[in-house]
2 protein chains.
Amino acid sequence: MATIEKKHEVVVIGGGFGGLYAVQKLGKAPVNVTLIDRRNFHLFQPLLYQVATGGLSPADISSPLRSILSHQANTKVLLGEVTDVDPVAQKVMLRGQEIPYDTLIVATGVSHSYFGNEHWQQDAPGLKTIENALEMRRRIFMAFEAAEKETDPAERRAWLTFVIVGGGPTGVELAGAISELAFSTLRQDFRNIDTSEAKVLLLEGMDRVLPPYAPELSAKAEKSLEHLGVTVQTKTFVTNIANGVVTMKQGEEIIEVPAKTVLWAAGIKASPMGKLLADRTGAELDRVGRVIVEPNLSIANQPNIFVVGDLSNYPHQGERPLPGIAPVAMQEGQYVAKLIQTRIKGEPEPQFKYVDLGSLAVIGRNAAVVDLGFIKFSGFLAWLAWLFVHIYFLIEFDNKLVVMVQWAWNYFTRKRGARLITGDESLGEVEVDRQGHYHAPAKPKEPIEA
Amino acid sequence: MATIEKKHEVVVIGGGFGGLYAVQKLGKAPVNVTLIDRRNFHLFQPLLYQVATGGLSPADISSPLRSILSHQANTKVLLGEVTDVDPVAQKVMLRGQEIPYDTLIVATGVSHSYFGNEHWQQDAPGLKTIENALEMRRRIFMAFEAAEKETDPAERRAWLTFVIVGGGPTGVELAGAISELAFSTLRQDFRNIDTSEAKVLLLEGMDRVLPPYAPELSAKAEKSLEHLGVTVQTKTFVTNIANGVVTMKQGEEIIEVPAKTVLWAAGIKASPMGKLLADRTGAELDRVGRVIVEPNLSIANQPNIFVVGDLSNYPHQGERPLPGIAPVAMQEGQYVAKLIQTRIKGEPEPQFKYVDLGSLAVIGRNAAVVDLGFIKFSGFLAWLAWLFVHIYFLIEFDNKLVVMVQWAWNYFTRKRGARLITGDESLGEVEVDRQGHYHAPAKPKEPIEA
């Protein structure tokens, strides 16, 4: 009788860029892989702002994990939430289920943070999930609808004021897209308001937008934004968001801006898995809860637990940890996948070295900035580069065709088709409760008129 | 000084096929038009089942009303809900707003009905809105996920049993699409279950599916469905839906089927606007609350209030009222728009005559039935006809390009990209509450792993 050799079990928590690229790189390795995620899809997060502003549909930037990995025979996808990790017994716990591992890769990412002002969340939603994006979309388009109905000029102005907090790539992309909505896409659509009276305010604490980029690109981005109609306010700190008013500090000056739509693109905090790992393994966390990893991306004294992607703080290459962007996560995931294979073979382990392929940020139609290190450029060429890179990476997740067509359509028509206001609270502030016996009996939240 | 002539005010409630076609037909008329809808988009309802089964995204079958009507200068779109109608003062009431009308067109449609068993709604959602479709989608794809996790064989079977109540076009389309998911799209995606063990049950009270169609087409549809793997049960009445069991009656026999996913495609009831109109104008309603209209689609004794589309019961052309399908609504809307114009000119009013252009129902890939009256056919040709008609009508709402590409993609790859499980309760039955201090602090419903 032949003995069946027990295969090396790799468990990956999180199907974002870090986790998914690790899993895919292990596709032909002599291991069993289990990918655990709370969601059934991989999200192409760099384009989430397009969903928030009505340019793309959620499914355009998401791919079912099972579908991506369907032909990877050594891999299982498990939909569920990790409740605990036991590094001694080498097990990951889910509700009513324990998954043993030989190697664990944690790639659960980060969410947005309000720097201790978590109560601002209600007034200023962030952008990390599909649900976040749909909520932003709902608020943005409802604001124009509310302005159309409003008769009080001050209130109308507040409905037409959009404040984006945070001048990083997400904030810049949101501000650019909302400006395009107000000054181009929606201009012909209303009768009582002129959408080009909208005010789009981008607030940044540092002295320039896109602070991680080269100063000349920040300057170009700022110019492009202002050309699009965005008012950029740097060295500006939000001190309060309440009752439709954003309070901010510029130097010693306190400014209050009435704004009904405030979008948060400012801070991050690590997924709770960071703290769980710290408690269970003694891993060291940074200020925002990310796990500080060894040069090979493992946790200190836990050679078979790796942390990759945004949750990982890798400080071994330069003064600052690597940035929380997709290319870092992809390279980290692939590196760990390779390391596992060399370890199994007993070969010398490779060192992780991040190869910086440059940075990109898009501002709007025909406008982007690109920093490849040896060369920096902006404008239409940069925008084409941005387009190419994003379509290229979407290719692997089979959405490219539809996204390309949608974008081509949006580009030439300047339309945005995904402008639906949906969800349970779809009518938000202007929703009307039906009175008396005209209530729809079963489900009052459903549309009555159509 | 020139006198400004007061223009005839037309108010249209509801932006579905009936209302929207009326509005568009009034585009060049010497009238002012106000279109009121609770939603900001027109929904191409015939394709809603595609959203429910992950083939298309909500935005693919929706178009912003403002965008459709953006260049129609005499038309205003108003997002809001009608709370009352005053036929004496000729006003439509919204919250904090009154809209005077000279002519009123009501086109608020129908929703689904449980024949007095409204408590079944929780267990067996219907399909009328985008939110309904996303809820169905969530349940369908969660069922496969739950089956993959389930270890008890009976429970697993229940997760893999899909019961569709109602053998009209919607029920047939849903049953066909779910079969394709189980027997083709998802087959390679799971490791613990064989999705082709799924059971798709289509229940119909009459003696055949698609009862309004010619009997030979019903027979062909049934054959196609069974070829796809659907079990069709006619002369079958659901007597209870509770605790994961559907109880049905076939003749004298009582059958209980454990099924975790039950979808409702059986009955309709009129929008509450029907009862409101009856109370305010004395309009006569039929059994399901639709307004029985005069030969010119107006309400008796209310020559300037018209009811078009699904909410209208037009009994003047044959034994039964016209069916609740898009072509009827479109023709009714356009007819009333024309009638208004001839009335203004003082010309003799035209008679409404519905031109039956035939019926179509799609069963699945390459399979549909078409009844043009003088000719009936089914199979691939019928499917092409179905495809052509739907793309043709989508053209006017500018989604055609993306839908065509998405469909071509789905067709050739047999994939369905819009398989996201989203929403607040996105993880449904298998959701895990985090324990103790690992709770995500601000918004526990958000994903933790990814």
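The model shown is predicted, which means the values in this text are computed figures rather than measured ones.

## A word on the overall build of chain A
In step 1: Within chain A, the regular secondary structure consists of 11 helices and 25 strands.
In step 2: A burial count over chain A gives 58% of its 450 residues as buried.
In step 3: Residue pairs in contact within chain A that sit at least 24 positions apart in sequence constitute 61% of those at least 6 positions apart.
In step 4: Accessible area for chain A stands at about 18,300 Å²; split by element, carbon and sulfur atoms hold 53% of it.

## Re the sheet that holds strand S7 (residues 91-94) of chain A
All names here are of chain A.
In step 1: On the basis of which strands lie adjacent, the open sheet formed by three strands has the order S6-S7-S8 and antiparallel pairing. Edge positions in the sheet fall to strand S6 (82-86) and strand S8 (97-100), since each of these pairs with one other strand and no more. If you compare each strand with its neighbour and ignore which way they point, the axes differ by 20° on average.
In step 2: The pairing of S7 with S8 spans four bridges and is classified as antiparallel. Bridged to Met93 within S8 is Glu98.

## So, the sheet that holds strand S12 (residues 199-203) of chain A
Residue and element names in this part refer to chain A.
In step 1: Spatially, S13-S12-S11-S17 is the arrangement adopted by the four strands of the open sheet, whose pairing is parallel. Two strands lie at the open edges of the sheet, namely strand S13 (230-233) and strand S17 (261-264), each paired on one side alone. For this sheet, the mean angle separating the axes of adjacent strands, direction not counted, is 20°.
In step 2: Judged from the five bridges that link them, strand S11 (residues 161-165) and S12 form a sheet pairing that is parallel. Looking at S12, one finds that Thr161 is bridged to Lys199.
In step 3: Contacts from helix H6 (residues 169-185) reach S11, S12, S13 and S17, with the element oriented near 175° to S12.

## A look at the confidence of the model for chain A
Residues and elements named next belong to chain A.
In step 1: Looking at chain A, the pLDDT average stands at 88 and 87% of residues meet or exceed 70.
In step 2: The low-confidence segment residues 424-450 (pLDDT under 50) makes 69 contacts with residues lying over four places distant or belonging to another chain.
In step 3: The ipTM assigned to the predicted complex is 0.83, against a pTM of 0.87.

## A look at the environment of Ala198 of chain A
Residues and elements named next belong to chain A.
In step 1: Tracing the sequence through the fold places Ala198 in the loop between H6 and S12.
In step 2: The sequence separation of Ala198 and Ser67 amounts to 131 residues, and the corresponding C-alpha distance is 42 Å.
In step 3: Look past the residues within four positions of Ala198 in its chain and what remains in contact with it is Leu160, Phe162, Ala182 and Phe183.

## Here's the deal with the environment of Ala270 of chain A
Residue and element names in this part refer to chain A.
In step 1: With respect to the helices, strands and loops of the structure, Ala270 is situated in strand S18 (residues 267-270).
In step 2: Each C-alpha atom of the pair Ala270 and Thr108 lies 8.3 Å from the other, and the pair is 162 residues apart in sequence.
In step 3: Ignoring sequence-local partners within four residues, the contact set of Ala270 consists of Gly109, Val110, Val288, Gly289, Arg290 and Leu311.

## A closer look at helix H1 (residues 17-25) of chain A
In step 1: Within H1 of chain A, seven of the nine residues are buried, which leaves the element mostly enclosed by the surrounding structure.
In step 2: Turning to H1 of chain A, its buried residues number three or more, namely Phe17, Gly18, Gly19, Leu20, Tyr21, Ala22 and Val23 of chain A.

## What about the packing of aromatic side chains?
Residue and element names in this part refer to chain A.
In step 1: Evaluated as defined, the whole model comprises 20 aromatic pairs over all chains.
In step 2: Centroid distance Phe144 to Phe190: 6.2 Å. Interplanar angle 35°. Geometry classified as tilted. Taken together, the residues Phe144 in helix H4 (residues 130-149) and Phe190 in the loop between H6 and S12 connect sequence positions 46 residues apart.
In step 3: Taken together, the ring pairs connect Tyr114, Phe115, Trp120 and Trp264 into an aromatic cluster.
In step 4: When the ring centre of Trp159 is taken as origin, the NZ or CZ atom of Lys260, which lies over that ring, is 5.1 Å away.

## Comments concerning the packing of H1 of chain A against helix H9 (residues 326-345) of chain A
The relative placement of two packed helices is expressed as an angle between their axes plus a distance between the axes.
All names here are of chain A.
In step 1: Taken N-terminus to C-terminus, the directions of H1 and H9 make an angle of 35°; their axes are 7 Å apart at the nearest point. Crossing of H1 against H9: the hand is right-handed. For the pair H1 and H9, the contacting residues are Phe17, Gly18, Tyr21, Ala22 and Lys25 in the first and Ala326, Ala329, Met330, Gly333, Gln334, Ala337, Lys338 and Gln341 in the second.
In step 2: Partitioned by chemical class, the residues of the contact of H1 with H9 number seven nonpolar, four polar and two charged.

Basis of the calculations
- Residues numbered from 1 in each chain as written.
- Chains lettered and ligands numbered in written order.
- Predicted model: local features only at pLDDT ≥ 70, side-chain atom pairs only at ≥ 80, totals over all residues.
- Heavy atoms only, no water.
- Helix = DSSP H or I, 4+ residues; strand = E, 2+ residues; numbered from the N terminus.
- Buried < 20%, exposed > 50% of the residue type's maximum accessible area, 1.4 Å probe, protein only.
- Contact = heavy atoms within 4.5 Å.
- Areas by Shrake-Rupley, 256 points an atom, 1.4 Å probe, with all protein chains shown as cover.
- Pairing = 2+ DSSP bridges.
- Axes fitted to C-alpha atoms, helices over the stretch in contact; angles between N-to-C directions.
- pLDDT = per-residue confidence, 0-100.
- Phe/Tyr/Trp six-rings, centres within 6.5 Å; stacked < 30°, edge-to-face > 60°.
- Lys NZ or Arg CZ within 6 Å of the ring centre and 35° of its normal.
- Left-handed = near helix turned anticlockwise from the far one by under 90°.
- Nonpolar A, V, L, I, M, F, W, Y, C, P; charged D, E, K, R; others polar.

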